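Okay, here's what each chain looks like letter by letter:
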2 protein chains.
Amino acid sequence: MSARNVLYAQSGGVTAVINATAAGVIETARRHPEVFGKVYAGRDGIIGALTEDLIDTSQEPEEAIASLRHTPSGAFGSCRHKLKGLEEAPAEYERLIDVFRAHDIGYFFYNGGGDSQDTSHKVSQIGERMGFPITCIGIPKTVDNDLPVTDNCPGFGSVAKYVAVSVREAAFDVRSMARSSTKVFILEVMGRHAGWIAAAGGLAAEFEGDAPHIIIFPEVAFDDERFLDRVRECVDAQGYCVVVVSEGARYSDGRFLSDSGTRDAFGHAQLGGVAPVVAAMIRARHGYKFHWAVADYLQRAARHIASGTDVEQAYAMGRAAVELARAGKNAVMPVIVRVSDEPYAWEVGEVPLAEVANVEKKVPRAYITEDGFGITEACRRYLRPLIAGEDFPPFEGGLPAYVRLKNAPVPKKVAAGFDI
Amino acid sequence: MSARNVLYAQSGGVTAVINATAAGVIETARRHPEVFGKVYAGRDGIIGALTEDLIDTSQEPEEAIASLRHTPSGAFGSCRHKLKGLEEAPAEYERLIDVFRAHDIGYFFYNGGGDSQDTSHKVSQIGERMGFPITCIGIPKTVDNDLPVTDNCPGFGSVAKYVAVSVREAAFDVRSMARSSTKVFILEVMGRHAGWIAAAGGLAAEFEGDAPHIIIFPEVAFDDERFLDRVRECVDAQGYCVVVVSEGARYSDGRFLSDSGTRDAFGHAQLGGVAPVVAAMIRARHGYKFHWAVADYLQRAARHIASGTDVEQAYAMGRAAVELARAGKNAVMPVIVRVSDEPYAWEVGEVPLAEVANVEKKVPRAYITEDGFGITEACRRYLRPLIAGEDFPPFEGGLPAYVRLKNAPVPKKVAAGFDI
């Protein structure tokens, strides 16, 4: 059997380590030229595949590919384009197969979250049906840590580390001035549906009474009164209060706190920003001096403080995907299987894509303290190894030296164009 | 002459490296027991001195003091209490001298910005007048970098590095998804009066067209139309636009952008948050998908990504203050004198406190590009060495290991109390 080409695409929100996965895919494929021809990448993810806008990674030198391991963001571009159902919109799937056929793509590696794994699964089905069998391997990625089956998702550990470090640092700051200055500090973190990132803030605490004093999870219905009472108790007891709030925090009726009425100068409901809403609530009730921060993209791009575990696992998932393809597997995704918490040990497993697609893993109730405002020891046991280890990028002139690839285009071969 | 005790106090907003200065003071004083007795610290800064709430640093082991070098925040507490004029409120100054006398304090080291140096200057005058001569040495500190005479201020280089690194990382993220997702990203940074921190964001750019594409300085009157046009040009040319905005950004009539009409759910003008105001402006005009982040305390507490230059200079200023006192100097402040930009060389100088107090150094016009939206090469030359070098703290279990001192109180000796 002669070698066939590979298409690798990044999907959805990028992370500090998705490029480490790309490095794992490309370096592993390059070691097996008898199986894998060229590794192409979709420019801007699946959009590049649909529009036949492919990148020829074989034109990148070894050092550039190796540098992906320490470079955040999506080196080939990513997108939020979700393919519809097979029956509903077969044209997009057929187009993909046309592009695959034109470029002799025998392997499709799709690096993303639940939606993307749904797509890879469907592509594997339609290929068969159209008489162009294609090996589809999903590769897990999401800062939200909400994929099922895998113990954790590459991308999450680094955000978790960033948030835990930031909470610890800001808490030291606030505590040292609380007597005469800011009493309440609020940090807003990502996680629209699942509170894993907010939970990670809990790792900042070392001793009883340490920050964060309150975590607001999307999984626990928000109750103004209980929250405001807790803030006061905390300021009374500790002299200050640090709150970590998930962007997905919501009331029992499902309304997001961030939609609760803040208007901008033009009278529009303000988009985003649950931290200022919580701050306004505290000011109205208690009058405490407060500060708030919204980490937004800084948290998921912060390769400078990436978790060593996360970088290693992100790379390993890329490598494992290629090895699964080489072993003749199809429509599967490599996963991280935890063997033990402490000392931490994990191994690579696999799961059929059909079992991954569109399932969301939330923070289990047993990981949240009874009062709903903190994390339990079980949660700490789970989270701790995921932020362990440092993997600093190289620095030049005081700044991290991140690589930018040439991203040379592959000449087009399909006559027809395609509109997204 | 027998040894006399030292009082060291931290003042104003804390930084990632003010404790490195404390280490410089304490370690240097400990090496000269013939001159310096015990080193006391004011608990919560000058408030501790006024209320006779002193900390005995001699009870801290050497390793704890050494660990201050890598620990952010104010280890002894800080405050925003500004002493009034000598004529206006002599009682506070007299009280300080009473406390100094009771504890045989011969040396007062005040670590802070312009206001604090005004205080140290006045204390040196009143001591003389009250027949209790005291050696007063100011030590520079401020993330705002707005002290005069000194080439730069300890604390600034680390915020500058944090902001430059964060802008580079977020820009990589935004660029990789701009085709189908966020087109404009706005990062709000500190600097109420001076735009040094915003300027530092400009260091993130490596090549023509790189982020940040627009910097909004407090020094340049904000013009909606020119700004919004520039955003559009930038999205047209680059596909995305990254904006760094100083919290002190203001219109030509002096109004802060952050006061420009955002109302919270309770109808109050929203405090803080110029980033969402700028975002709303862009949405109203262009409709681009946007994201914004507010770094707030994270930026000044981020010891994990401190500048090596900054840590070294912060320590050196503490050491120099003690050496100046030992050399019989009074009412002076050590400063950083730049000898050359590249290779970077600097030495320690000194300045009379009278020349430092209440003078603010803004970003000079020559450091801002003609259009008011960027930094010039002269500015880069100035800023580059200040963010150079890494000085990572030790990590334990994935988190920086920051020290917490015992902060044992010194028994009170003054009969009367004092209300702040």
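Predicted, not measured: the structure shown is a model, and the values here were computed from it.

Trainee: How should I be thinking about the packing of aromatic side chains in this particular structure?
Mentor: The geometry of an aromatic ring pair comes down to the distance between the two centres and the angle between the two planes. Residues and elements named next belong to chain A. Under the counting rule described, the total for this entry stands at 28 aromatic pairs over all chains. An aromatic cluster is built from Phe156, Trp196, Tyr367 and Tyr382, whose rings are joined through pairwise contacts. One Lys or Arg, Arg69, reaches over the ring of Tyr315 and ends 4.9 Å from the middle of that ring. The positively charged end of Arg192 is found above the aromatic ring belonging to Phe256, 4.0 Å away from the centroid.

Trainee: Mind showing me how you'd approach the confidence of the model for chain A here?
Mentor: When pLDDT drops low, the exact placement of atoms in the prediction is not to be read closely. On average, residues of chain A score 94 in pLDDT, and 97% of them are at 70 or above. The complex model carries a pTM of 0.97, and its ipTM stands at 0.97.

Trainee: I'm lost on the pattern of salt bridges in this one. Help?
Mentor: When their charged atoms lie close together, side chains carrying opposite charge are able to pair. In the structure shown here, the tally under the stated rule is 45 salt bridges over all chains. Among the salt bridges present, the one from A:Lys82 reaches A:Asp115, with a minimum N-O distance of 3.6 Å. One end of the pair, A:Lys82, is in the loop between helix 3 (62–67) and helix 4 (90–102); the other, A:Asp115, is in helix 5 (residues 114–129), with 33 residues separating them in the sequence. Judged by relative accessible area, which is 40%, A:Lys82 ranks as partly exposed. Two residues, B:Asp173 and A:Arg300, come together in a salt bridge whose shortest N-O distance is 2.7 Å. Pair noted here: B:Asp173 is in helix 6 (residues 156–177) and A:Arg300 is in helix 10 (residues 297–301), and the two residues belong to different chains. Among the residues examined, A:Arg300 registers a relative accessible area of 4% and is labelled buried.

Trainee: How do you make sense of the relation of the copies chain B and chain A when you look at a structure like this?
Mentor: Put simply, the two copies of the chain differ by a rotation about an axis and a shift along that axis. With an RMSD of 0.0 Å, the operation that places chain B on chain A is a rotation of 180° combined with a shift of 0.0 Å along the axis. Taken together, these values place the two copies in the relation of a two-fold axis. Identified as the residue of chain B closest to the rotation axis by C-alpha distance is B:Val294, at 2.4 Å. Most of the interface of chain B is mirrored in chain A, where 100% of its interface residues are also at the interface.

Trainee: Sorry if this is basic, but what is going on with helix 5 of chain A here?
Mentor: Because an α-helix packs 3.6 residues into every turn, residues spaced three or four apart end up facing the same way. Residue and element names in this part refer to chain A. Taking 1.5 Å of rise per residue, the 16 residues of helix 5 would be expected to cover 22 Å, and the 23 Å separating its terminal C-alpha atoms lies within 8% of that figure. Counting buried positions along helix 5 yields 12 of 16 residues, so the element is predominantly enclosed. Buried within helix 5 we find Gly114, Ser116, Gln117, Asp118, Thr119, Ser120, His121, Lys122, Val123, Ser124, Ile126 and Gly127. Residues of helix 5 that are buried in the fold lie against helix 4, strand 4 (105–112), strand 5 (135–140) and strand 10 (332–340). Just beyond helix 5, the residue with positive phi is Gly131, at close to 70°.

Trainee: Can you walk me through the side chain of B:His32 in this structure?
Mentor: All names here are of chain B. Following the sequence through the fold, His32 ends up in the loop between helix 1 (18–30) and strand 2 (36–42). Classification of His32 by relative accessible area gives buried; the value is 14%. Within the local environment of His32, its side chain forms a polar contact with the side chain of Arg326, the two groups lying 3.3 Å apart.

Scoring rules and cut-offs
Chains are numbered independently. Their residues run from 1 in the order of the written sequence. To label them, take the chains in the order written and letter them from A, then take the ligands in the order written and number them from 1. Local features are withheld for residues below a pLDDT of 70 in this predicted model, meaning they are given only at 70 or higher, and side-chain atom pairs are given and counted only at 80 or more; totals for whole chains, interfaces and linings count all residues. Side-chain metrics in this entry use all non-hydrogen atoms of the structure; hydrogen atoms and water are not considered. Aromatic rings from Phe, Tyr and Trp, with only the six-membered ring used for Trp, were paired whenever their centres fell within 6.5 Å, and each pair was classed as stacked if the ring planes differed by under 30 degrees, edge-to-face if by over 60, and tilted otherwise. We call a charge positioned above a ring when the Lys NZ or Arg CZ atom is no farther than 6 Å from the ring centre and deviates by at most 35 degrees from the ring normal. Values of pLDDT, which run from 0 to 100, indicate the predictor's confidence residue by residue. Salt bridges are defined by distance alone: a side-chain nitrogen of Lys or Arg within 4 Å of a carboxyl oxygen of Asp or Glu. A run of H or I in DSSP counts as a helix once it spans at least four residues, and a run of E counts as a strand once it spans at least two, with each numbered from the N terminus. Partly exposed describes any residue whose relative accessible area lies between the buried limit of under 20% and the exposed limit of over 50%, with all areas from a 1.4 Å probe on protein chains only and scaled to the type maximum. The copies are overlaid by a least-squares fit using only the C-alpha atoms of residues whose pLDDT is at least 70 in both copies. The contact criterion used throughout is that any non-hydrogen atoms of two residues lie within 4.5 Å. A helix is expected to span 1.5 Å multiplied by its residue count minus one. We call two N or O atoms a polar contact when they sit within 3.5 Å, provided that within protein one can donate a hydrogen and the other can accept it, with sequence-adjacent residues counted only if both atoms are side-chain atoms.

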